[in-house]
Amino acid sequence: MSNSSVNQGRILRNLMRLMDVTCGQSLYEVLPRVQVWLPEQSVGISPDLVVVAGEPLLHDGQEDKLLNPCVIFEILSDPTASYKPEAATLDDSQRLAKGQRGGMFRHCRAIPYLQAYVFVHQTEARVEQFYRAEEEHLWGMTAQSGLDSVVELAITDVRLPMMDIYERVDFSLLV
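Residues numbered from 1 in each chain as written. Predicted model: local features only at pLDDT ≥ 70, side-chain atom pairs only at ≥ 80, totals over all residues. Heavy atoms only, no water.

Engineer: Let's hear about the overall build of the protein chain: which residues, and what values?
Structural biologist: When helices and strands are tallied, the protein chain shows three helices and 10 strands. In the protein chain, the succession of α and β elements from N to C terminus is α-β-β-β-β-β-α-β-β-β-β-β-α. In the protein chain, buried positions account for 45% of the 175 residues. Once local pairs closer than 6 in sequence are excluded, the contacts in the protein chain between residues at least 24 apart make up 50%. For the protein chain, the accessible area works out to roughly 9,000 Å², and carbon and sulfur atoms hold 49% of it. (Helix = DSSP H or I, 4+ residues; strand = E, 2+ residues; numbered from the N terminus. Buried < 20%, exposed > 50% of the residue type's maximum accessible area, 1.4 Å probe, protein only. Contact = heavy atoms within 4.5 Å. Areas by Shrake-Rupley, 256 points an atom, 1.4 Å probe, with all protein chains shown as cover.)

Here it is as structure tokens:
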């Protein structure tokens, strides 16, 4: 992840801890910064955190090209500020390429295993989750704001308190 900040690192650490405890002994595994392979684009992307159900499926047996994430977390920073929740996508002017995060959600929606794509803002306590609806080609969205809110993931009974996601995050650093 380029342009990493202290707050971004804190959010990632908090998410890893929360998801690891939540997924614990279940069939879900939490993997930070693992490359997700997009066969249709013949490119790998590197989200901040992925969750896999069951054993990881790998492209051509290469351990650095994951095919089956069920949840992807992306921590939004200034380079991804063009994200538009009302459009259910990222600004297409940002190309999908190694090191560039824009456009990832649009391309990831084609992953058959993907159940949720979660955007975590670092400039405010806000989490937006896109989840696969009953009809596979439709996506719904939920948004939580404020430290008193709870994010309920589309997988099992995962509940992530916003105050825990944003533990030690200092929003005044962004002013």
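Having seen it, we continue.
Engineer: Account for the nonpolar core, naming residues and giving values.
Structural biologist: Ranked by size, the top nonpolar core spans 28 residues in total, and within it Met19, Phe73, Val120 and Ile165 carry the most contacts. Counting residues per element, the ones that place at least two in this core are helix H1 (6-23), strand S1 (28-32), strand S4 (49-53), strand S5 (69-76), strand S6 (116-121) and helix H3 (162-165). Considering each element in turn, this core owes the most residues, six residues, to H1. Residues within four places of Val120 in sequence aside, it is in contact with Ile11, Leu15, Phe73, Glu74, Ile75, Leu76, Arg126, Val127, Ile165 and Tyr166. Counting 19 residues, the second-largest nonpolar core is a separate cluster that includes Leu76, Cys108, Tyr117 and Phe130. (Core = buried A, V, L, I, M, F, W, Y, C linked by side-chain atoms within 4.5 Å.)

Engineer: Provide a residue-level description of the pattern of salt bridges, including the pertinent values.
Structural biologist: All chains considered together, the criterion is met by four salt bridges. For Arg126, the salt bridge is made with Glu128, and the minimal N-O distance between the two is 2.6 Å. Arg126 sits in the partly exposed class, given a relative accessible area of 21%. The exposure class of Glu128 is buried, given its relative accessible area of 1%. The salt bridge partner of Glu152 is Arg159, with a shortest N-O separation of 2.6 Å. For Glu152, a relative accessible area of 48% gives the class partly exposed. You can call Arg159 partly exposed: its relative accessible area is 47%. (Salt bridge = Lys/Arg side-chain N within 4 Å of Asp/Glu carboxyl O.)

Engineer: Got a sec to walk through the environment of Arg159? Specific residues and values, please.
Structural biologist: Summarising the element assignment, Arg159 is placed in strand S10 (residues 159-161). Sequence-wise, Arg159 and Leu18 are 141 residues apart; in three dimensions their C-alpha atoms are separated by 9.1 Å. Setting aside chain neighbours within four positions, we find Arg159 in contact with Val150, Val151 and Glu152. At a separation of 2.6 Å, a polar atom in the side chain of Arg159 contacts the side chain of Glu152. (Polar contact = N/O pair within 3.5 Å; in protein donor to acceptor, adjacent residues only side chain to side chain.)

Engineer: Give a detailed account of unusual backbone geometry, specifying residues and quantitative values.
Structural biologist: A positive phi angle, close to 50°, is found at Ser42, a residue other than glycine. Despite not being glycine, Arg168 shows a phi value in the positive range, around 70°. Relative to the helices and strands, Arg168 resides in the segment after H3.

Engineer: Tell me about the environment of Val51, and please be specific about residues and values.
Structural biologist: By secondary structure assignment, the location of Val51 is in strand S4. Spatially, the C-alpha atom of Val51 lies 9.9 Å from that of Ile155, the residues being 104 residues apart in sequence. Apart from the residues within four sequence positions on either side, Val51 is in contact with Met19, Cys23, Tyr28, Glu29, Pro69, Cys70, Val71, Phe73 and Ile155.

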